[in-house]
Amino acid sequence: MAAPDTIGEFEQVVLLAILRLGDNAYGVTIGAEITACTDREPTPGALYTTLDRLEDKGLVTSRVGDPTPQRGGRAKRFFTLSANGLAAITRAQQSYRRLLQGCELPGLTYA
Amino acid sequence: MPDIRLAESILALVTTRDRAATTVGDLQEQSETRGAAWFWSGVFRTAASLLWRGFADNALRATGLAFLGVALDGVVAGLCAFLTGIAFLIAAYVTGHAASTNSIPWNIWLVAPTMLASFWIGRLLSRWAIGCELPATVAYIVLAPVVSLLIGLFLPNGPTATQLMPILVADLAQRLPAIAGAAMARRRQDFKSPVT
């Protein structure tokens, strides 16, 4: 059986942001959500490269919305987690959870 | 308002046209609050990042094609050296004395074929390296001056240590037309293929 793809730390952050945003996950809102939740602002280069990579890996799917004048007539690309993406992020978070069990971190209550 | 068509064509060199359009739309949306400098920085950083990713994902193929480009470059350089020798002899015969290789016409004669060849090699690499057109071309642009410098170092009367950097920069500059060639070939492919 082939080993499932592992996903990097920033890929997990992006997948979780897409999951949180639901139907409104496109470049701008994903970047804003990451900044709001992690206090770090992703560079456009890192964000769009990661989104492209996740889509190429089949972990997210995208659909193009309607063009809007505010965006110079360019459409938004909305992202959604695929079944593989959901499985990958679940696996990654379960690993973190197992690692956290029995650890005491300052200011973090593990539930 | 930033020139979003230019930004889109820059990004379209390293990703698909529809991804380039939506990315530029996102950057444009944010540039209303962050300004034009942020927009262009975003465009170039995204392009650089996608270029690097394109190379990393196809490192072997891009490097192999870059070496092929260098080999073609060598063939063209050999041909040019042969033709230059003949032209030099003809000029000496017609004028009655040896021509000065420091004159502007001679420099144009020597540099123009390299630049034209680079343009042509850029177009060829773009056709052969579908999916990693620009990474292969950039790899060729970086590799060709390094290879020619290494060859020069092994030749008798090769460049001295102080001449290395200027030669490298000049060689690099002469091969920049390869990017224009690759861009043109990629554009033609884009127009032939439907938007996804």
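Structure first, text after, so check above.
Residues numbered from 1 in each chain as written. Chains lettered and ligands numbered in written order. Predicted model: local features only at pLDDT ≥ 70, side-chain atom pairs only at ≥ 80, totals over all residues.

1. Digging into unusual backbone geometry
Put simply, the test is: Per the convention used, a helix needs a DSSP run of H or I reaching at least four residues, while a strand needs a run of E reaching at least two, with both numbered from the N terminus.
Here Asp-39 of chain A, not a glycine, exhibits a phi torsion of approximately 60°, which is positive. Along the chain, Asp-39 of chain A turns up in the loop between helix H2 (27-38) and helix H3 (44-56).

2. Observations regarding the environment of Ile-4 of chain B
Applicable threshold: Exposed residues have 12 or fewer other C-beta atoms within 10 Å of their own C-beta, buried residues have 20 or more, and residues in between are partly exposed; the C-beta atoms are placed from the backbone. A pair of residues counts as a contact when their C-beta atoms, built from backbone coordinates, are separated by no more than 7 Å.
Among the structural elements, Ile-4 of chain B can be located in helix H1 (residues 4-11). Residue Ile-4 of chain B is classed as buried on the basis of its 20 C-beta neighbours within 10 Å. Sequence separation of Ile-4 of chain B and Asp-18 of chain B is 14 residues, and the distance between their C-alpha atoms is 14 Å. Contacts of Ile-4 of chain B, omitting those with residues within four sequence positions, involve Gly-72 of chain A together with Val-24 and Gln-28 of chain B.

3. Observations regarding the interface of chain A and chain B
Test applied: The classification used treats Ala, Val, Leu, Ile, Met, Phe, Trp, Tyr, Cys and Pro as nonpolar, Asp, Glu, Lys and Arg as charged, and all other residues, Gly among them, as polar.
Across the contact, 19 residues belong to chain A and 21 residues belong to chain B. Of all the elements, H3 of chain A adds the most residues to the side of chain A that touches chain B, at seven residues. Considered class by class, the residues forming the side of chain A that touches chain B number seven nonpolar, six polar and six charged.

4. Considering helix H4 (residues 59-95) of chain B
All names here are of chain B. Rules: Multiplying 1.5 Å by the residue count of a helix minus one yields the expected span of that helix.
In a regular helix each residue adds 1.5 Å, so 37 residues correspond to 54 Å; H4 covers 52 Å between its end C-alpha atoms and thus fits that length. For H4, every residue scored as buried is listed here: Ala-62, Leu-65, Ala-66, Gly-69 and Asp-73. On its buried side, H4 packs onto helix H3 (36-57), helix H5 (104-128) and helix H6 (133-154). One or two steps after H4, the chain reaches Gly-96, where phi turns positive at roughly 85°.

5. A closer look at the packing of H3 of chain A against H3 of chain B
Definition in use: Comment: axis = line fitted to C-alpha atoms, over the contacting stretch for helices; angle = value between 0 and 180 degrees taken between N-to-C directions. Throughout this description, any angle smaller than 35 degrees is read as roughly parallel, any larger than 145 degrees as roughly antiparallel, any in the 65 to 115 degree range as roughly perpendicular, and the remainder as oblique. By convention, the crossing between two helices is left-handed when the near helix turns anticlockwise from the far helix through less than a right angle, and right-handed when the turn is clockwise.
Between H3 of chain A and H3 of chain B, the shortest axis-to-axis distance is 7 Å and the interhelical angle comes to 45°. Considering the angle they form, H3 of chain A stands oblique to H3 of chain B. Here H3 of chain A runs over H3 of chain B; the crossing is right-handed. In contact with Pro-44, Gly-45, Ala-46, Tyr-48, Thr-49, Asp-52 and Arg-53 of chain A of H3 of chain A, H3 of chain B contributes Gly-42, Arg-45, Thr-46, Ala-48, Ser-49, Leu-50 and Arg-53 of chain B.

6. So, the environment of Trp-40 of chain B
All names here are of chain B. Mapped onto the secondary structure, Trp-40 falls in helix H3. Judged by the 17 C-beta atoms lying within 10 Å of it, Trp-40 falls in the partly exposed class. For the pair Trp-40 and Val-24, spaced 16 residues apart in sequence, the C-alpha to C-alpha distance is 9.9 Å.

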